[in-house]
Amino acid sequence: GLFAAVITGIAAIAPPLVLGTLAGVALIGIFANAAAAALEQPEYREAAAVTFLATASGMTVFGLSAAVWGLILGGIVLAVTRRLAAAKQSSAGGK
């Protein structure tokens with residue numbers, strides 16, 4: 001647009017920390033909406049939380065990054081949660 005040159009010039013002289021902070025602030029709303037959507041459905045809430053926490057931890061174990069561990073741990077939690085819910089439902093239906 002019209003002010004692209006001005007904004008580019010300002011960004012060029014700004015310290016990198018300021019630009020990183022502005023980018024982080026700009027993404028807060030997007031992150032909040034994504035987190036709310038991921039945690040909205042109760043049957044997936046625990047798996048979504050575990051996936052997020054493991055991924056955000058930054059851990060690396062056996063050469064596997066946090067993103068991989070997040071998927072693995074979230075998948076395990078989801079499988080266990082579904083199995084427990086199915087067992088609870090079948091035991092309640094049998095009474």
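Residues numbered from 1 in each chain as written. Predicted model: local features only at pLDDT ≥ 70, side-chain atom pairs only at ≥ 80, totals over all residues. Heavy atoms only, no water.

Undergrad: How should the environment of Leu22 be read in this particular structure?
TA: Looking at where Leu22 falls in the secondary structure, it is placed in helix α2 (residues 16-38). Its relative accessible area of 53% is what places Leu22 among the exposed residues. Separated by 37 residues in sequence, Leu22 and Met59 have C-alpha atoms that sit 26 Å apart. (Helix = DSSP H or I, 4+ residues; strand = E, 2+ residues; numbered from the N terminus. Buried < 20%, exposed > 50% of the residue type's maximum accessible area, 1.4 Å probe, protein only.)

Undergrad: Would you mind showing me how to read the confidence of the model for the protein here?
TA: Detailed conclusions should not be drawn from predicted coordinates in areas where pLDDT is low. Residues with a pLDDT of 70 or more make up 98% of the protein, whose mean pLDDT is 90. Within the protein, the lowest mean pLDDT, 88, falls on helix α1 (residues 4-13), and the highest, 93, falls on helix α3 (residues 45-57). (pLDDT = per-residue confidence, 0-100.)

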